[in-house]
Structure formats: structure tokens, C-alpha cells
Amino acid sequence: MNSQSHCLVSRRALLQAGAGLLLASALAPFPARSASSDGYRIVAAPARARFARPDRPETDVWTYNGTVPGSVVRLRQGERARLVVENRLDQETTVHWHGIRLPNAMDGVPGLTQPPIEPGKSFVYEFTPPDAGTFWYHPHANSLEQLGRGLAGAMIVEESEPVAVDRDLVWVISDWRLNDGGGIAPRFGNRMEAAMSGRVGNTVTVNGRVSEAESFLAGERVRLRIVNASLARIMALRFEGHRPTIVALDGQPCDPHEPENGRILLGPAMRVDLALDLGGEPGRRYDVIDDFYDGLSYRLTQLAYDARRPIRDHSVDAPVALPRNPLPEPDLASSERHTLTLQGGMMGGGMMGGGGGMMGMGHGAVWAINGQSMNGDGHAGMEPALVFERGRSVVLELRNETAWWHPMHIHGHSLKVLSRNGRAVPHRQWQDTVLMAPKDVVEAAFVADNPGDWMLHCHVMDHQMSGMMTVLRVA
Ligand code: C2O
Ligand code: CU
């Protein structure tokens, strides 16, 4: 039997292999199955949240179903889902199901794919998710403020055969800019900030609270799904004393591998699924550090081991690879090739383009793609920058000519990342959000098989709002 094809052992086999597994009573695991995958009701409404200790003030937030992050939506691969979104905010909204390859009319881009949902109104989203994996949902209207005030949630599409792990955990990581009174700092869309790193906050939460520690049992194997739901914060996570294996990126399984230099790089909107074997000592705590920004490293949380002896004598040796999703393989030989050049922003003390005027950039824009700036959240009449015949294989060359990082997100498709700065990218990585370092050149391929007008934009929300967005049409 080769290890490629043998990617799963059944959950039961794993449980039998583990001696004295008392997880259900020890720690609340995520339910293995959602109650139903149809008829989800998601209400967008204001609420209050407590991010930190009880002696700290509460924060006014905007929520899905009353909490930040919103409730985890669990769907099943290949099964039709129905999600009713009700808007109880005092402004228009939509929901974008980030990373799901769904019909264009369900994509949640106001003006482009649907009329916005007015206050007091509802919209029914219906689609059949083709891919299992870790996705998320968020507004695509007034995105900077709506996401910045808390509207975000994880969406998990379950494999048809459950994967063999002791627990399946989700960490939705959010970054907030709070003022002294505990409120969310107003003034979204500061132009200077928009031309730089975007609105990076001062408080990072895991599943809606500042996390002192997360509880684990020695010997267990967890699948840890991490979602970076920040507006702008890029993360580089290190798990002290552990060796997590990356098994999926942006919901798409990849060849299992350890992160480069032990750092898991996650730009806004990116997800990673880790297979994490808890091989540490009972009773001990291990730091999880985010050291992306020079000199600003901080502890995200700790892995806190229960004092009991390990739940199994030997570490699990079942393979960790996930079953692949049915992504169409691009035919590189016959593909068409296009370049998308990212431009603008602050460069060595001034705006690129010089003279205060931004070359070719419209009103309010500080960024551009191929010299064109689309800004905002999406609206009617956006002309596509590229038009593909349905079924064509396409290679996109993304060139970052700016001095800043950009997580570039494509709607309706997933990109097979081929190379970065001339070096082949290993591990068969498919991503819907590709993090571009300053001056990076990335080649990525996909089959343009999903008809409609699709956004491609930077997921640093300030960058999207101020011009780093374009539309691709699959005709
Ligand atoms: Cu996650 Cu166009 O967005
Ligand atoms: Cu950007």
C-alpha cells in the first residue's frame, strides 16, 4: 500500500489505537457532525462582546448570531446548503463565502453578483460546496468597517469520511483596534494607513477572546484549523516545543509538510489546517508566538497540557494526508498567460507616482492593478480586466512592484501556486489567497471553469477599498 493513496484510517481505528481515551469527559471536542447542513440562519446584528478578563470593559461589536466570531457553519462536501442571512444592521450588507467555489450569484459581491441586503431584509444563499476544508464568511459591503467591527465566522466543509484525529479545532484569529474605554476605534479608512500596512490593531483574539491558554491532553492528535480573520495583520506563528504539519492551505489539502523555519505565515483571509501531535509533557505549557513584525513579537496563546499521563503510549503513526478535492488540473502547455502588476502605496517616504498625483488612479485610490484602480467593495458595471473563455487554463503572473505585503484573493476559483521568484513551489499548494512579499513575483495557474464576473483583490481591507481590486470574467 502506498502512503499517497492511503490517506485515511477510520476514526474508529484511531480511537481503538489510543488507550484510555477520555476526551469526551476531559475536554469538549467539536461535534463530529453538524446537526444539519440545510437551513442555517445567520443574523447580522450589533451585540456586546468581552474580549478579555471580566474586569475589562465590554466592546460593542457587530456579530453573526450574537457572537464574535460568528457561529461555526458546518456543511458537508457535495451536499446542498441553504443559508438565510438576515440583516439587522442599520446599513446594507452581503455575505461572501470566502474560498468556496460556488455559483457566481451566490458570491456575495454587492452590485456585481447580487443587490445588497437592505436593513431589515434577508437573502437566501444556496450552493453545493464541491471542496471539503476550512473556509470562512464575512461581509463584502462596507467591508473595512463591517469586518473590523466583528462580522466574520468560520465555515467548515466536512469530508465525506471523517478524518482520524482526536479533536477537530478551529481558531478564528481576529485583530482589533481598541481604544482605552474598550470600544472599537472609529475612523476606518485612514488614507495614510491605507497607503501603508492597513489598519493593524492592538488586540488579538482567538475565537473572540484574548487567550491565556488553550487546553490539550498529552498524546492526542488534533486537527487545528486556523483562520486569519484580520483586516490587515499578517501572522507568523511558531509552536514552541512542537512540530505541526501543514496538511491544507486555504481549505485545499496539500502534501503534508513542516512549515519553513517552523513559522506558519498567514496573511489576512488565509487559512491553514495543521496536524498537531501533542507530544509535550503533561502539566506543562508551551508558547504559541506570532513574530511576523520585527520587534513586535507577542504570545498568541499557550498550549496548556492537562496533568494526566498521555492518552496513548506511542505517538500516532497514522498518515496525516487529507483526501484531495476535485480541483480541475490546469493544462500548462495550452494555457494563456497574463500578468497582474500590483502598484502604488508609499515608497521611501512618498506616494508612488510622484507629485501627489497617483498615475492613472481614480479618486480616493492609492493602489492599482495594471494601472487601474477599482475601489470600494464591488458595484455594478465593473469592467473586467481579463476575459477568459470557459474551460481555459490560465497562468497568472502576479508581480508586486510595491514596498508592501499583499494577500491577493481570487473569488470562485483556487490557484495552483507554481513558482515564487523563479523557484518552484513544492507540496502541490492550491490557494485562494496568495501572500505576496514586497517585490515578489508569483506564478499561479487555474482552470477558468466557473462562469461569471469574479473579483480579484488584496485582502488587506484598506488596500482593497483604496484600489487594489480588479474583476476577471469567465464567459
Ligand atoms: Cu474574503 Cu473578496 O473576499
Ligand atoms: Cu494589499
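Refer to the preceding data block for the structure.
Fair warning: this is a prediction, and the values are worked out from it, not measured in the lab.

Cut-offs used in this document
- Residues numbered from 1 in each chain as written.
- Chains lettered and ligands numbered in written order.
- Predicted model: local features only at pLDDT ≥ 70, side-chain atom pairs only at ≥ 80, totals over all residues.
- Heavy atoms only, no water.
- Donors = N, O, S within 2.8 Å, 3.2 Å for Na, K, Ca; no water.
- Buried < 20%, exposed > 50% of the residue type's maximum accessible area, 1.4 Å probe, protein only.
- Helix = DSSP H or I, 4+ residues; strand = E, 2+ residues; numbered from the N terminus.
- Pairing = 2+ DSSP bridges.
- Axes fitted to C-alpha atoms, helices over the stretch in contact; angles between N-to-C directions.
- Core = buried A, V, L, I, M, F, W, Y, C linked by side-chain atoms within 4.5 Å.
- Contact = heavy atoms within 4.5 Å.
- Salt bridge = Lys/Arg side-chain N within 4 Å of Asp/Glu carboxyl O.
- Polar contact = N/O pair within 3.5 Å; in protein donor to acceptor, adjacent residues only side chain to side chain.
- Phe/Tyr/Trp six-rings, centres within 6.5 Å; stacked < 30°, edge-to-face > 60°.
- Lys NZ or Arg CZ within 6 Å of the ring centre and 35° of its normal.

Help me understand the coordination of the copper ion (ligand 2), please; the structure alone is not making it clear to me.
Any two of four tetrahedral donors ideally make an angle of 109.5 degrees at the metal, while pairs among six octahedral donors ideally make 90 or 180 degrees. At this site the copper ion (ligand 2) is bound by His406 (ND1), Cys458 (SG) and His463 (ND1), with donor distances of 2.0 to 2.1 Å. A residue is classified by how much of its surface remains accessible, and Cys458, at 0% relative accessible area, is buried.

Is there a simple way to think about the pairing of strand β26 (residues 406-410) in this case?
Along any regular strand, the residues point their side chains to alternate faces of the sheet. Burial analysis of β26 places five of its five residues in the buried class, the great majority of the element. Taking every second residue as pointing to the same face, both faces of β26 are buried, with His406, Met408 and Ile410 on one and Pro407 and His409 on the other. As judged from the three bridges shared by β26 and strand β32 (residues 452-458), these two strands associate in the antiparallel manner. Looking across to β32, one finds that Ile410 is bridged to Leu456.

Honestly, the sheet that holds strand β14 (residues 245-249) in this entry has me stumped. Any pointers?
By way of backbone hydrogen bonds, the strands of a sheet pair with one another, either parallel or antiparallel. Reading across the sheet, the six strands line up as β10-β9-β12-β17-β14-β15 and stay open at both edges, with mixed pairing between neighbours. The two strands at the open ends of the sheet, each matched to only one other strand, are β10 (203-206) and β15 (252-257). Pairwise comparison of adjacent strand axes, ignoring direction, gives a mean angle of 20° for this sheet. Note that strand β12 (residues 221-228) and strand β17 (residues 271-277) share seven bridges and pair antiparallel. For Arg221, the partnering residue across the bridge sits in β17 and is Asp277.

In this structure, what is going on with the sheet that holds strand β6 (residues 122-127)? I would like to understand it.
With respect to topology, four strands assemble into an open sheet ordered β2-β1-β4-β6, the strand pairing being mixed. Every interior strand has two partners, whereas the edge strands, β2 (59-64) and β6, have only one. Neighbouring strand axes in the sheet, compared pairwise and without regard to direction, differ in orientation by 20° on average. Bridging between strand β1 (residues 40-49) and β2 involves six bridges; their strand directions are antiparallel. Bridged to Ala44 within β2 is Tyr64.

Sorry if this is basic, but what is going on with the nonpolar core here?
A general feature of soluble globular proteins is that nonpolar side chains tend to end up buried together. Phe388, Leu396, Met408, Phe446 and Leu456 are the most contacted members of the largest nonpolar core, which totals 53 residues. Among residues more than four places away in sequence, those in contact with Phe446 are Pro330, Phe388, Arg392, Ser393, Val394, Leu396, Ile410, His413, Ser414 and Leu415. With 32 residues, the next largest nonpolar core counts Leu237, Ile264, Leu266 and Tyr286 among its residues.

Would you explain the pattern of salt bridges in this entry?
Close approach of charged atoms allows side chains of opposite charge to pair. Considering all chains together, one arrives at 38 salt bridges under this definition. The partner of Glu336 in a salt bridge is Arg392, and the shortest N-O contact between them spans 3.7 Å. Taken together, the residues Glu336 in strand β20 (residues 336-344) and Arg392 in strand β25 (residues 392-400) connect sequence positions 56 residues apart. Since its relative accessible area comes to 28%, Arg392 is described here as partly exposed. A network of salt bridges, in which partner residues are shared, links Glu159, Asp168, Arg223, Arg225 and Asp273.

Can you help me understand the environment of Ala321 in this one?
Within the element layout of this structure, Ala321 appears in the loop between β19 (298-305) and β20. Assessed through its relative accessible area of 17%, Ala321 is described here as buried. Spatially, the C-alpha atom of Ala321 lies 9.4 Å from that of Val163, the residues being 158 residues apart in sequence.

Quick question: what am I supposed to make of the side chain of His413 here?
Relative to the helices and strands, His413 resides in the loop between β26 and β27 (415-420). The class for His413 is buried, based on a relative accessible area of 4%. One polar contact links the side chain of His413 to the main-chain amide nitrogen of Asn450, over a distance of 3.4 Å. Dropping the residues within four chain positions of it, His413 is found in contact with Arg101, Asp432, Phe446, Val447, Ala448, Asp449, Asn450, Trp454 and Val474.

Can you help me understand the pairing of β6 in this one?
Side chains Phe123, Tyr125 and Phe127 of β6 all project onto a buried face; the interleaved residues Ser122, Val124 and Glu126 project onto a face where none is buried. Judged from the six bridges that link them, strand β4 (residues 81-87) and β6 form a sheet pairing that is antiparallel. By the bridge assignment, Val84 is partnered in β6 with Val124.

Hey, could you run me through the packing of aromatic side chains in this one?
The relation between two aromatic rings is expressed through the spacing of the ring centres and the mutual angle of the planes. For the structure on display, the rule yields eleven aromatic pairs. On the numbers, 5.9 Å between centres and 85° between planes, the contact of Phe388 with Phe446 is edge-to-face. Of this pair, Phe388 sits in strand β24 (residues 386-388) while Phe446 sits in strand β31 (residues 441-448), and the two are 58 residues apart along the sequence. Its relative accessible area of 2% is what places Phe446 among the buried residues. Put simply, the rings of Tyr64, Trp97, Phe123, Tyr125, Phe127 and Tyr137 touch in pairs and so form one group of aromatic residues. Directly above the ring of Trp62 sits Arg149, whose terminal nitrogen or CZ lies 5.3 Å from the centroid. Positioned above the aromatic ring of Phe188 is the side chain of Arg199, whose terminal nitrogen or guanidinium carbon lies 3.8 Å from the ring centre.

Can you walk me through unusual backbone geometry in this structure?
Peptide bonds are, in most cases, trans, and in most cases residues other than glycine have a negative phi. Geometrically, the link from Val68 to Pro69 is a cis peptide bond, its omega value of -15° lying close to zero. Among the secondary structure elements, Pro69 is positioned in the loop between β2 and β3 (70-76). A positive phi angle, near 50°, is found at Asn370, a position not held by glycine. Its place among the elements puts Asn370 in the loop between β23 (367-369) and β24. By relative accessible area, Asn370 is classed as partly exposed at 38%. Although it is not a glycine, Arg428 adopts a positive phi angle of roughly 45°. Counting through the fold element by element, Arg428 comes out in the loop between β28 (423-424) and β29 (430-431).

In short, the description is geometric, and any link to function would need to be established separately.
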